[in-house]
Amino acid sequence: MPEDIRDKQQLTHKDILGLNFVRAPGQYVYRRYYRTGLRSHIMAVLSPEAVEQEKKGVIIDGLKWFPLAKPLKMLRIFRTKFNGLKEVEEELKRVKIIGKYLAPDHLARSDEFVVDYRGNSQDEVLLCGLQEYVEGEILNPWGPLNKKHLISLWRRMVSDKTGASNLKAEQWLNVVRKGSEHFIGKVKRIIFEENHVPDLAGVGNLLITRSGNIKLVDINNISGVFFDKAIHLDDRGYPVCDKSIEALLLFEKGLLNKSISDENHLYKTFLDPDRIMAVKAAERKFFTSMDTSVSPSELS
């Protein structure tokens, strides 16, 4: 009996072509993306021509280069096993909330679609997304966010043959700061107006681009926000709401160099010392269950 695609550790091109809703042999190459998540399989959708050039190389300025094939799109296959369309619709409502506030400037746009997945015994609903590919460097809330680090990200992005930028380092930094303020403001509006927050805590969920923009690329874990004393966990047991708000504070302090008032209602509620200790305990329990000894935030 074939293994359910949602339960597999990783997928291959052959796995994708084996899906009942994908044409075979197809006109694209599917490759597992190195930034993969707990809640979705993420596959790069590549053109065969780009893959061939990657293998054979191309001559640039008399030198032979082997450019990595850039994705045309990103295919996301949710691992969640939904009990019917109603559950899928609830998931999509949360995605639309985030899109309403963050798109197009701060969100990798994604076209979600629902298909009948032919499983082991009967057809089941499967949620997928075809998402824009965003080039950029990871903006890690648990790492350094100072000027020196940001400049190192900029240099990395403009160092290759295709990475030329019209912005100088200081100009780029100014764009980053303005964009960060806009992004943080939008996230706060989602929190206060919609009582939801996207997962800002996961390393790799946010990218900073060559143009200085911040984009959320992982929309698979959108949490409700409750201003109560309970530590609300997601379906995997992770305190995503609390950790996302902590990440938001770190972005605000690091990227905007702001001091945060003790009277700030959001941070006063979620970053109470006793609450932080309870969140850390829940976080350790989560990473232990994932066979990971320490979390990225604890390394910072």
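Residues numbered from 1 in each chain as written. Predicted model: local features only at pLDDT ≥ 70, side-chain atom pairs only at ≥ 80, totals over all residues. Heavy atoms only, no water.

## Quick notes on the packing of helix 3 (residues 85-102) against helix 5 (residues 169-194)
Basically, it comes down to this: Lines are fitted to the C-alpha atoms to define the axes, a helix being fitted only along its stretch in contact, and any angle between axes, read from their N-to-C directions, falls within 0 to 180 degrees. Only runs of H or I of at least four residues qualify as helices and only runs of E of at least two qualify as strands under DSSP, and these elements are numbered from the N terminus. Angle categories: roughly parallel below 35 degrees, roughly antiparallel above 145, roughly perpendicular from 65 to 115, and oblique for all the rest. Crossing chirality is assigned from the near helix's rotation relative to the far helix, an anticlockwise turn below a right angle marking it left-handed and a clockwise turn marking it right-handed. Whether two residues touch is decided by their heavy atoms; if any such pair falls within 4.5 Å, the residues are in contact.
Interaxial distance between helix 3 and helix 5 falls to 9 Å at its minimum, and their mutual angle equals 140°. Considering their axes alone, helix 3 and helix 5 lie oblique with respect to each other. Seen from above, helix 3 lies across helix 5 with right-handed handedness. For the pair helix 3 and helix 5, contact is made by Ile97, Ile98, Lys100, Tyr101 and Leu102 and by Phe183, Lys186, Val187, Arg189, Ile190, Glu193 and Glu194, respectively.

## Structural notes on the confidence of the model for the protein
Put simply, the test is: Along the chain, pLDDT gives the predictor's confidence residue by residue, from 0 to 100.
Predicted confidence across the protein gives a mean pLDDT of 90, with 93% of residues reaching 70 or more. Mean pLDDT per element in the protein: helix 9 (residues 296-299) is the minimum at 47, and strand 9 (residues 196-198) is the maximum at 98.

## Looking at the sheet that holds strand 2 (residues 40-46)
Within a sheet, each strand pairs with its neighbour through backbone hydrogen bonds, oriented either parallel or antiparallel. Our working rule: Here the rule is simple: two strands pair whenever DSSP picks up at least two bridges between them.
Taking strand neighbours across the sheet as the criterion, the five strands line up as 1-2-5-7-6 in an open arrangement whose pairing is antiparallel. Whereas interior strands pair on both sides, the edge strands pair on one side only; in this sheet they are strand 1 (29-32) and strand 6 (110-118). Shown here is a sheet whose adjacent strand axes are inclined to one another by a mean of 30°, direction ignored. Relative to strand 7 (residues 123-131), strand 5 (residues 73-78) runs antiparallel, the two being bridged by four bridges. Looking at strand 7, one finds that leucine 75 is bridged to leucine 130. Packed on one face of the sheet, helix 2 (residues 48-56) meets strand 1 and strand 2 and runs near 60° to strand 1.

## What to know about the pattern of salt bridges
Side-chain pairing between opposite charges can occur once the charged atoms of the two side chains come close. Selection rule: Basic side-chain nitrogens of Lys or Arg form a salt bridge, by our definition, when they fall within 4 Å of a carboxyl oxygen of Asp or Glu. Throughout, exposure labels follow a simple rule: accessible area from a 1.4 Å probe, protein chains only, divided by the maximum for the residue type, with under 20% read as buried, over 50% as exposed, and the rest as partly exposed.
All told, the structure shown has 24 salt bridges when counted by the stated rule. Residues aspartate 234 and arginine 39 are paired through a salt bridge, measuring 2.4 Å at the closest nitrogen-oxygen approach. Of the two residues, aspartate 234 is situated in the loop between strand 12 (222-224) and helix 6 (240-255) and arginine 39 in the loop between strand 1 and strand 2; the sequence distance between them amounts to 195 residues. Look at aspartate 234 and you get buried, because its relative accessible area is 13%. When its relative accessible area of 12% is taken as the criterion, arginine 39 is described as buried. Taken together, the shared-partner salt bridges connect Asp4, Arg6, Asp7, Lys81 and Glu124 into one network.

## Considering the pairing of strand 2
The element strand 2 is largely enclosed, with a buried count of seven among its seven residues. Both faces of strand 2 are covered, namely the face carrying Ser40, Ile42, Ala44 and Leu46 and the face carrying His41, Met43 and Val45. By the bridge criterion, four bridges tie strand 1 to strand 2 in an arrangement that is antiparallel. Across the sheet, the residue bridging to tyrosine 30 is valine 45, located in strand 2. As defined by bridge partners, strand 2 adjoins strand 5 across six bridges and the pair is classed as antiparallel. When the bridges of strand 5 are listed, valine 45 appears paired with lysine 73.

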